[in-house]
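Now for the letters of each chain:
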Amino acid sequence: MVSRVIPVESFDLVIFGGTGDLARRKILPALFRRFCAGQMEDGARIIGAARSEHTTAEYRRFVAEAIAEFNAGRSCETGTLDAFLDSISFVQIDAMGDTGWSELAGLMQPDRVRAFYFSVGPSLFGPLAERLHQHGMADSDTRIVVEKPFGRDLDSARALNVTLAQHFDESQIYRIDHYLGKETVQNLMAVRFGNMLFEPLWNSQYVDHIQITVAETVGVGGRGEYYDKSGAMRDMVQNHLMQLLCLIAMEPPAKFDPDAVRDEKLKVIRALDAVRAEDIVRGQYLAEAEKPGYLEHVDDQTSRTESFIALKLGISNWRWAGTPFYLRTGKRLRARTSEIAVVFKETPHSIFEDDGGRHRNILTIRLQPNEGMDLGVTIKEPGPGGMRLIDVPLDMTFADALGPDGEDVPDAYERLIMDVVRGNQTLFMRGDEVEAAWAWTDPLIAAWEARGDRPQAYESGSSGPEDALMLMHRDGRRWREIRP
Ligand code: BG6
């Protein structure tokens, strides 16, 4: 299968935080891969900006090293790296002062898209927006890209929205949730709204429950200081899992257009029920062999921050009333695996004498690794000897479907950065959406803090605390296994 690459128009992309970890691991390798794919027209320019002092030659070396480390194994024609590096320059800049701003403004070319990627902490969003405005770079051709965390509660998110709105229209603000750029997440919409098969069954009449799992094997590592102030609820549920939930639960938008899609997602968030205390399980991982436990990464040895959370949610609308959604995410779990499982109701009655029981279909959407989907269906066990039924998966692994280059599933950042250049906000969060997600999250956190709840300890390499299993067992249901 030949993939279609449509070149985007020429652009200037400035990366504030150009020497930071995200630029190194994600943004620069993603740009390189789009360059290799022929998507960046001649003349596109990337300008790294950071507080530290570097020459352009030094910065290009930094970029080359980042690509060598984080683009390993991806093929690209010889000579392409040099051509890519030619498009890169560096400006030393002080977000809070005057250094570098005139130089940056002098580099901007008229009549082309300019994007400013704020790959910095949220405390710098305001000063950066202000400086762009002062130096005449905040005109209608300008787009800004802001990373998470977008606030740590409703008040701080609102304040950020107000600050950005002083200089930019909502149509110029691209709030990144990189989960929306994942290939399989986009496929969720294709599957739901590009097929007739699922829609009639996509409701509480046929769906028993939905599980969303985002399990990681990594621990908090060197991010302890940030993480301990966030926890899994703020770091993962308020954004990534919430977005997955929205895409799985939303009504069909009238068209695949930014506001139509985001309006429908917003309705889901606003229809979420408050979560009862007994429907939340929080955990903190313990040390294992030479791997440190959660508390070894953080200063506060009495920390009650969760590195794992499981929740049971309800959505009060016609489509979903009565169908529970179970969400869980955590660090240092048994395997790195993210999936959504739509578990359909059992057949009402078995007509087969030899059949042990009733059967159910499960549609599993694997976000990572091994991106793809399978639909569990019941068939006759092959061979003579009666009508015994077995459940087998109808498997569609995207790598197979994409052909010989199938392992090249694009990284989320590739898609998202090109969407910024194209001016397509469909896969970015709107300000009201982020605020609605915080408005739902805040009271849950406030309630467990007021109760003084402590997270339960769980073994590294496990599936999380025992009580998380009970969250489903007590409803007569089971989590799908977390396995590699
Ligand atoms: C980030 C979180 O947004 O997403 C991290 O801050 C988490 O804590 C990461 O590890 C997970 O992303 P991915 O793409 O590896 O699933």
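Residues numbered from 1 in each chain as written. Predicted model: local features only at pLDDT ≥ 70, side-chain atom pairs only at ≥ 80, totals over all residues. Heavy atoms only, no water.

1. Brief notes about the pattern of salt bridges
Right, so step 1: Per the stated rule, a full pass over the model turns up 40 salt bridges.
Right, so step 2: Residue Arg45 is joined to Asp12 by a salt bridge in which the shortest nitrogen-to-oxygen separation is 2.9 Å. Of this pair, Arg45 sits in strand β2 (residues 45-50) while Asp12 sits in strand β1 (residues 11-16), and the two are 33 residues apart along the sequence.
Right, so step 3: Note that Asp419 and Arg422 form a salt bridge whose closest N and O atoms lie 2.9 Å from each other. Note that Asp419 and Arg422 are positioned in helix α12 (residues 412-422) at a spacing of 3 residues, about one turn of the helix.
Right, so step 4: Residues joined by salt bridges that share partners form a network here, namely Asp208, Arg276, Glu278, Asp279, Lys312, Arg474, Asp475 and Arg477. (Salt bridge = Lys/Arg side-chain N within 4 Å of Asp/Glu carboxyl O. Helix = DSSP H or I, 4+ residues; strand = E, 2+ residues; numbered from the N terminus.)

2. Overview of a negative patch on the surface
Right, so step 1: A cluster of acidic residues, Glu9, Glu41, Asp42, Asp111 and Asp141, forms a negative patch at the surface.
Right, so step 2: Within the secondary structure, Glu41 sits in the loop between α1 (21-36) and β2.
Right, so step 3: The class for Glu41 is partly exposed, based on a relative accessible area of 39%. (Patch = residues over 30% accessible without salt bridge, like charges linked within 9 Å, V, L, I, M, F, W, Y side chains within 5 Å. Areas by Shrake-Rupley, 256 points an atom, 1.4 Å probe, with all protein chains shown as cover. Lys, Arg positive; Asp, Glu negative; His and termini not counted. Charge placed at Lys NZ, Arg CZ, Asp CG, Glu CD. Buried < 20%, exposed > 50% of the residue type's maximum accessible area, 1.4 Å probe, protein only.)

3. Things to note about the sheet that holds strand β7 (residues 207-215)
Right, so step 1: Reading across from one edge, β14-β13-β12-β11-β7-β10-β9-β8-β15 is the order of the 9 strands in this open sheet, with mixed pairing throughout. In this open sheet, the two edge strands, each paired with only one partner strand, are β14 (389-397) and β15 (456-458). The average angle at which neighbouring strand axes cross in this sheet is 20°, direction not considered.
Right, so step 2: Pairing between strand β8 (residues 280-285) and strand β9 (residues 308-313): 4 bridges, direction antiparallel. Counted as the bridge partner of Gly283 is Phe308 from β9.
Right, so step 3: Across the sheet, helix α7 (residues 183-194) lies against β11 (337-346), β12 (360-368) and β13 (372-380), angled at about 145° from β12, the strand it touches most. (Pairing = 2+ DSSP bridges. Axes fitted to C-alpha atoms, helices over the stretch in contact; angles between N-to-C directions. Contact = heavy atoms within 4.5 Å.)

4. Description of the packing of helix α9 (residues 231-249) against helix α10 (residues 258-270)
Right, so step 1: Contact geometry for α9 and α10: axes closest at 9 Å, N-to-C directions at 105°. Here α9 is positioned roughly perpendicular relative to α10, judged by the angle of their axes. Residues Met242, Gln243, Cys246, Leu247 and Ala249 of α9 form the contact with α10, whose own contacting residues are Lys265, Val268 and Ile269.
Right, so step 2: Here the contact of α9 with α10 is composed, by residue class, of 6 nonpolar, 1 polar and 1 charged. (Parallel < 35°, antiparallel > 145°, perpendicular 65-115°, else oblique. Nonpolar A, V, L, I, M, F, W, Y, C, P; charged D, E, K, R; others polar.)

5. Focus on the sheet that holds strand β5 (residues 142-146)
Right, so step 1: Across the sheet, 6 strands lie side by side as β3-β2-β1-β4-β5-β6; this open sheet has parallel pairing. Among the strands making up the open sheet, the edge pair consists of β3 (88-92) and β6 (173-175). Sheet twist, expressed as the mean angle between neighbouring strand axes with direction ignored, is 20°.
Right, so step 2: Relative to β6, β5 runs parallel, the two sharing 3 bridges.

6. What to know about the packing of aromatic side chains
Right, so step 1: One pass over the structure, following the stated rule, counts 17 aromatic pairs.
Right, so step 2: Measuring from ring centre to ring centre gives 6.2 Å for Phe198 and Trp202, while their planes differ by 70°; the resulting arrangement is edge-to-face.
Right, so step 3: A residue is classified by how much of its surface remains accessible, and Trp202, at 1% relative accessible area, is buried.
Right, so step 4: Plain terms: the ring middles of Tyr227 and Tyr294 are 6.1 Å apart, the flat faces sit at 65° to each other, and that makes the pair edge-to-face. (Phe/Tyr/Trp six-rings, centres within 6.5 Å; stacked < 30°, edge-to-face > 60°.)

7. Details of empty space enclosed by the protein
Right, so step 1: A full pass over the atoms with the stated rule returns 1 cavity of 30 Å³ or more.
Right, so step 2: Of the pockets and cavities examined, the largest cavity occupies roughly 60 Å³.
Right, so step 3: Elements supplying a minimum of two residues to the lining of the largest cavity: α9 and α13 (431-451).
Right, so step 4: Classifying every residue of the lining of the largest cavity gives 6 nonpolar, 2 polar and 3 charged. (1 Å grid on protein atoms, 1.4 Å probe; cavity = no way out; pocket = protein on both sides within 12 Å on 5 of 7 lines; lining within 4 Å. Points joined across faces, edges and corners; volume = space filled by probe spheres on them.)

That is the geometry; function is a separate question.
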